[in-house]
Structure formats: structure tokens, C-alpha cells
Amino acid sequence: VVRIPLILDYFRRGDLVVRPYNNCLIEVHGLVRNVYLPRYYENDGNGGNIFGPAEEQVRPVFESRGFTVTMVEHNFTNLTRLNGSLRCMTNVVGRG
């Protein structure tokens, strides 16, 4: 078992919001090993991302297992308020 950071955040109303990196998309076929991770962003007041340190811990976990990591840029704030993230956006894509 390899653990990756889990961001617990509180919105102004005091609601707990989880920002999980395991809510991602993984693509494996043949020698191709890709992972698409959500990039969570909130300005730290100095132009940086307060979630940057967590992201820096997550990337190497997947890279050390042979995955090419792609960070997906999107405002996931509304989805995280509903306990969702990147993978939740794709589970309604039509197949066939």
C-alpha cells in the first residue's frame, strides 16, 4: 500500500471538503502507462498555489511506478464541494 496526500480543506462556511488525488484517470494499455491527476489550485496570496506541496508529493509516487503524469487544469472547486473531482467528471461519458 502506497499512500498519497489527501487534502482536507474548509470553505468559509466551515464545510469540510476533500480534495483527493486518487480521484484520477489511469490509462494502461501495452507499454503505455498514463495517469491524469486533478490540479487543485488556490492562490496563497503571493501568486503561488497552497496545494503545490501536496502535488509535489503525488507526482513521484506515480512516476516511480512507470506512469507519465499529466496534471489536468480545471477549477475543481465546485466538484469538490459535491465530493467529486476529475474521475467523477468522466463517469457519464457515453460508450460505444
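Please refer to the structure placed before this passage.
Quick look at the structure, then.

On to the overall build of the protein chain, then. On a plain count of helices and strands, the protein chain comes out with three helices and five strands. Taken from N to C terminus, the helices and strands of the protein chain fall in the order β-β-β-β-α-β-α-α. Within the protein chain, the proportion of its 96 residues that are buried is 33%. In the protein chain, the share of contacts with a sequence separation of at least 24, taken over all contacts with a separation of at least 6, comes to 53%. Summed over its atoms, the accessible surface of the protein chain is roughly 6,600 Å², and 52% of this surface lies on carbon and sulfur atoms.

Moving on to a nonpolar patch on the surface. Together, Leu6, Leu8 and Leu16 line one region of the surface with nonpolar side chains, adding up to about 300 Å² of accessible area. Within the secondary structure, leucine 6 sits in strand β1 (residues 6–10).

Cut-offs used in this document
All chains use their own residue numbering, which begins from 1 and follows the written sequence. The model is predicted, so local features are restricted to residues of pLDDT at least 70 and side-chain atom pairs to those at 80 or more, both for listing and for counting; the totals for chains, interfaces and linings are taken over all residues. With hydrogens and water excluded, all non-hydrogen atoms of the structure serve as input to the side-chain values. Secondary structure counts use DSSP, requiring at least four H or I residues in a row for a helix and at least two E residues in a row for a strand, with both numbered from the N terminus. Relative accessibility under 20% of the residue-type maximum defines a buried residue, over 50% an exposed one, and the middle range a partly exposed one, all with a 1.4 Å probe and only protein chains included. By the convention used here, residues are in contact when the closest approach between their heavy atoms is within 4.5 Å. Using the Shrake-Rupley algorithm and a 1.4 Å probe, accessible areas are obtained, with residue cover drawn only from the displayed protein chains. Patches were defined on residues exceeding 30% relative accessible area and lacking a salt bridge, with like-charge contacts within 9 Å and nonpolar side-chain contacts (Val, Leu, Ile, Met, Phe, Trp, Tyr) within 5 Å. Within this document, salt bridges are pairs made up of a side-chain nitrogen of Lys or Arg and a carboxyl oxygen of Asp or Glu, the two lying within 4 Å of each other.

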